[in-house]
Amino acid sequence: MMQLLGILLIVTAAYGIGTAISRSLRLEYRRLVGFEKLLRLIRARIECFNQPLSSIYADFSEEALDECGFSEELKRSGFTEALCRCRDRLGLRRELLALLAEFGASLGKSFSEEQLRHCDRYIALLGEKAAVLEKELPVRQKTVRTLTAAAAVMASILLI
């Protein structure tokens, strides 16, 4: 009886871990798409209205970035500071954080024509990264589920 209870606990824990990892992969993709939307908004507002960044940030809201507090921090302290403060909560890979940090480092430091080119460049880069993430997401989620199930089975065999 204790063995069955142990096996049930192991299977439940493995399922929970697999679900959590799978959810974090989906969330990473959604947040990357949210950043792409932010960059598109910045670009459009600079091009059409020559609006200051603080005014653009005040109008921005995206569910995936709101959940981790990034949007509020963005409104309070700007892009680079918000990225630094919310780094751990964003759940993005280092390479994506580095790309966003590069974008933020040059944001608002040149004339509008240069800012538009800057935004276009990073929108394209984020779009490429998002496309890659979207393509690999189902495969990675399936791999995570398979590996956690295999770990649960192996641990269960050890209990028998």
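Because the structure is predicted, anything quoted here is derived from the model rather than measured.

Basis of the calculations
- Residues numbered from 1 in each chain as written.
- Predicted model: local features only at pLDDT ≥ 70, side-chain atom pairs only at ≥ 80, totals over all residues.
- Heavy atoms only, no water.
- Helix = DSSP H or I, 4+ residues; strand = E, 2+ residues; numbered from the N terminus.
- Rg over C-alpha atoms; globule rule 2.2 N^0.38 Å.
- Buried < 20%, exposed > 50% of the residue type's maximum accessible area, 1.4 Å probe, protein only.
- Contact = heavy atoms within 4.5 Å.
- Areas by Shrake-Rupley, 256 points an atom, 1.4 Å probe, with all protein chains shown as cover.
- Lys, Arg positive; Asp, Glu negative; His and termini not counted.
- Charge placed at Lys NZ, Arg CZ, Asp CG, Glu CD.
- Expected span 1.5 Å × (residues − 1).
- Arc of directions from axis to C-beta.
- Salt bridge = Lys/Arg side-chain N within 4 Å of Asp/Glu carboxyl O.
- Axes fitted to C-alpha atoms, helices over the stretch in contact; angles between N-to-C directions.
- Parallel < 35°, antiparallel > 145°, perpendicular 65-115°, else oblique.
- Left-handed = near helix turned anticlockwise from the far one by under 90°.
- Nonpolar A, V, L, I, M, F, W, Y, C, P; charged D, E, K, R; others polar.

Novice: Just to check I follow, could you spell out the overall build of the protein chain for this structure?
Specialist: Along the protein chain, the regular secondary structure elements total eight helices and zero strands. Going from the N terminus to the C terminus, the protein chain shows its helices and strands as α-α-α-α-α-α-α-α. Against the 2.2 N^0.38 benchmark of 15 Å for 160 residues, the protein chain shows a C-alpha radius of gyration of 21 Å, more extended than a compact globule. Seen along its three principal axes, the alpha-carbon backbone of the protein chain occupies a region of about 70 × 30 × 20 Å. Here the protein chain holds 160 residues, and 38% of them are scored as buried. Put simply, 65% of the contacts in the protein chain that link residues at least 6 apart link residues at least 24 apart. Surface exposure of the protein chain reaches about 9,600 Å², of which carbon and sulfur atoms provide 61%. Where the 23 positive side-chain charges of the protein chain centre and where its 20 negative ones centre are 5 Å apart.

Novice: For this particular structure, what's the right way to read unusual backbone geometry?
Specialist: Excluding glycine, residues mostly carry a negative phi; peptide bonds, for their part, are mostly trans. Even without a glycine there, the phi angle at Asn50 is positive, about 55°. Locating Asn50 in the fold gives a position in the loop between helix H1 (2–49) and helix H2 (53–59).

Novice: How should I be thinking about helix H7 (residues 94–106) in this particular structure?
Specialist: Along an α-helix, residues three or four apart share an orientation, since each turn contains 3.6 residues. Between its first and last C-alpha, H7 extends 19 Å over 13 residues, near the 18 Å set by a 1.5 Å rise per residue. Those residues of H7 not exposed but buried are Leu96, Leu97, Leu99, Leu100, Phe103 and Gly104. Viewed along the axis of H7, the buried residues span an arc of 160°, placing them on a single side of the element. Of the surrounding secondary structure, the elements contacted by the buried residues of H7 are H1, helix H5 (79–85), helix H6 (87–90) and helix H8 (112–159).

Novice: Any chance you could explain the pattern of salt bridges here in plain terms?
Specialist: Any two side chains of opposite charge can pair, given that their charged atoms come close. Across all of its chains, the model carries 16 salt bridges by this definition. A salt bridge links Arg117 to Glu114; the shortest N-O distance between them is 2.7 Å. Taken as a pair, Arg117 and Glu114 lie in helix H8 at a separation of three residues, close to a single helical turn. Look at the salt bridges and you will find they share partners, linking Glu28, Arg93, Glu136 and Arg140 into a network.

Novice: How should I be thinking about the side chain of Ser156 in this particular structure?
Specialist: Looking at where Ser156 falls in the secondary structure, it is placed in helix H8. Relative accessible area serves as the criterion here: at 8%, Ser156 is assigned to the buried category. What Ser156 contacts, discounting residues up to four positions off in sequence, is Ile7, Ile10 and Val11.

Novice: Help me understand the packing of H1 against H7, please; the structure alone is not making it clear to me.
Specialist: The relative placement of two packed helices is expressed as an angle between their axes plus a distance between the axes. Their axes nearest at 12 Å, the elements H1 and H7 cross at an angle of 15°. Here H1 lies roughly parallel to H7, going by the angle between them. As H1 runs across H7, the sense of the crossing is left-handed. Contact residues: Glu28, Leu32, Phe35, Leu39 and Ile42 in H1; Leu96, Leu100 and Phe103 in H7. Looking at the contact of H1 with H7, its residues break down into seven nonpolar, no polar and one charged.

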